[in-house]
Amino acid sequence: MKRLLDLYVLRELLPPFGLGLLVFTFVLLMDKIMRIVDWIVQKGLPLSDVAKIFGCLLPNFLVLTLPTALLLGVLMAFSRLQGDNELDALKACGVGLYRLLPPVFSLGVVVFALCLFLTSWAAPRSMGAFQQLVFSVAGKNLFLGLKERVFFDEFPGFVLYVEHLNPDRGELEGVFLADENFPEGAMYYLAKRGRIYGDPDAGMLTLELEQGTLHRSVADRDLYQIATFETYRVRLDAAAMLAPREERSKKVEELTLGELRDEARRRARSGQDASKYWISYHQRLALPFGSIVFCVLGIPLALVSPRAAKYTGFTLSIAVVLAYFVLLKGGSGLVRAVGVPASLGAWLPNLILGGLGVYLLWRKSEEKSFRWLEGLEDRLVELQERTVRKLFRRDR
């Protein structure tokens with residue numbers, strides 16, 4: 001009987017959990033999808049590279065979407081059980097609310113373990129692989145990395161700005177190039193046109209500029225030089241751009257959990273500021289535990305106002321997750337501004353929302369009401385219904 005009940009609750013949890021995982025992941029990927037579709041259609045990016053890019057991005061998004069989908073699953077499952085009076089029937093048979101917790105927390109532990117694996121190892125490794133892949137693709141076809149009227153600084157020592165791109169003919173118009181590789185001072189090039197050619201696989205790219213001027217300021221000699229040219233060639237170091245991840249200075253998001261801890265300790269021993277690394281280290285541990293917090297908080301939220309949880313499950317889950325990340329940012333700010341321990345700042349959302357969830361769950365199990373929360377969730381339903389009505393009127 002107990003096993004059958006656990007399987008029944010899991011069967012209620014898994015469909016909305018799976019649906020939420022697909023929807024939330026797709027929404028987060030939407031911005032990247034539109035950009036990559038543009039690369040495929042207009043610039044001929046191979047599908048194999050597209051698959052690699054999505055594979056590298058997915059672990060970083062799953063860290064966020066797995067707990068959010070779990071919260072949605074809990075909200076939808078328990079609101080349905082309450083709405084169909086199944087919880088009342090179970091209570092009449094002597095099955096209390098606490099008896100329904102094991103399958104919920106079993107799924108929560110699985111999500112916790114997956115998120116811990118992602119934050120501690122998989123996501124940093126995939127971020128490093130993503131950066132390397134983007135550099136490699138952009139080096140083989142620089143027009144993938146370039147954007148009109150956006151500064152491009154992926155080549156070490158160079159900053160490139162282009163007014164207009166013509167990828168089909170491989171031409172640039174309105175070119176500005178800053179070359180900071182000279183010890184006497186930076187060299188600046190302004191040209192009407194330009195084009196890029198060479199062999200990026202061999203580490204050689206050449207930017208050929210036409211009809212431009214060269215500007216150089218030598219501060220030591222109080223000298224400013226200007227020269228005009230019809231054609232000028234500048235060699236770009238593609239090999240440095242495509243350097244392996246191990247040869248580049250790693251960003252915080254590319255460090256594994258162990259590497260973060262070691263770097264934080266090394267900086268602390270040398271007298272450097274290590275707060276950024278300690279915050280990231282403890283957040284990598286606290287974020288997965290948010291899955292357990294969402295299990296505790298999701299059940300009473302679904303039972304306080306079943307109508308709200310049923311019709312605004314997506315909205316309610318997003319609102320809770322936003323509150324979680326606002327508290328997470330607030331904790332980081334307290335660490336930097338006030339000197340609060342990094343562990344406390346990172347675990348602040350879990351402490352606050354987890355404590356609230358335990359309190360609400362206890363109140364609900366004791367059949368005690370909380371009218372303020374019921375009114376808040378009902379107003380959320382009304383807000384969503386008004387928004388939907390306005391949207392449909394505009395469509396008509």
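Residues numbered from 1 in each chain as written. Predicted model: local features only at pLDDT ≥ 70, side-chain atom pairs only at ≥ 80, totals over all residues. Heavy atoms only, no water.

Asks: How would you sum up the side chain of arginine 284? Please name residues and give values.
Replies: By the secondary structure assignment, arginine 284 is in helix H8 (residues 275-304). Buried within the structure, arginine 284 lacks any salt-bridge partner; glutamate 253 is the closest side chain of opposite charge, at an N-O distance of 6.7 Å. A distance of 3.1 Å separates a polar atom in the side chain of arginine 284 from the backbone oxygen of valine 252. Ignoring sequence-local partners within four residues, the contact set of arginine 284 consists of Leu116, Thr119, Pro124, Val252, Glu253, Leu255, Thr256, Leu257 and Leu260. (Helix = DSSP H or I, 4+ residues; strand = E, 2+ residues; numbered from the N terminus. Buried < 20%, exposed > 50% of the residue type's maximum accessible area, 1.4 Å probe, protein only. Lys, Arg positive; Asp, Glu negative; His and termini not counted. Salt bridge = Lys/Arg side-chain N within 4 Å of Asp/Glu carboxyl O. Polar contact = N/O pair within 3.5 Å; in protein donor to acceptor, adjacent residues only side chain to side chain. Contact = heavy atoms within 4.5 Å.)

Asks: Describe the pattern of salt bridges, naming the residues involved and giving the relevant values.
Replies: What the rule picks out here adds up to 13 salt bridges. Between arginine 261 and aspartate 262 there is a salt bridge, with its nearest N and O atoms 3.8 Å apart. With relative accessibility at 43%, the residue aspartate 262 sits in the partly exposed group. Each of Glu12, Arg80, Asp84 and Glu86 takes part in a single network of salt bridges with overlapping partners.

Asks: Break down the nonpolar core for me, citing the residues and quoting the values.
Replies: Counting 46 residues, the largest nonpolar core has Leu13, Leu70, Val74, Phe78, Leu100, Val104 and Ile299 as its most contacted members. At the level of secondary structure, the elements contributing two or more residues to this core comprise helix H1 (2-43), helix H2 (47-83), helix H3 (86-92), helix H4 (101-140), H8, helix H10 (313-337) and helix H11 (342-365). A per-element tally of this core places H2 first, with 11 residues. The residues contacting leucine 70, other than those within four sequence positions of it, are Phe17, Leu107, Gly108, Val111, Ser291 and Cys295. Counting residues in hydrophobic clusters, the runner-up holds 21 residues, among them Phe152, Leu160, Val175 and Leu205. (Core = buried A, V, L, I, M, F, W, Y, C linked by side-chain atoms within 4.5 Å.)

Asks: Residue-level account of H10, with values.
Replies: The end-to-end C-alpha distance of H10, which contains 25 residues, comes to 36 Å, matching closely the 36 Å that a straight helix rising 1.5 Å per residue would cover. Buried residues of H10: Gly313, Leu316, Ser317, Val320, Val321, Tyr324, Leu328, Gly331, Ser332 and Val335, and no others. Of the residues one or two after H10, glycine 339 is the one with positive phi, at around 90°. (Expected span 1.5 Å × (residues − 1).)

Asks: Describe a nonpolar patch on the surface, listing the residues and the values that go with them.
Replies: On the surface, a cluster of nonpolar side chains totalling about 740 Å² of accessible area is made up of Leu19, Leu22, Val23, Phe26, Val27, Met30, Met34 and Phe314. In terms of residue count, the dominant contributor to the nonpolar patch is H1 (7 residues). Here phenylalanine 26 is to be found in helix H1. On the basis of relative accessibility, which here comes to 45%, the residue phenylalanine 26 falls in the partly exposed class. (Patch = residues over 30% accessible without salt bridge, like charges linked within 9 Å, V, L, I, M, F, W, Y side chains within 5 Å. Areas by Shrake-Rupley, 256 points an atom, 1.4 Å probe, with all protein chains shown as cover.)

By themselves, these figures tell us nothing about what the structure is for.
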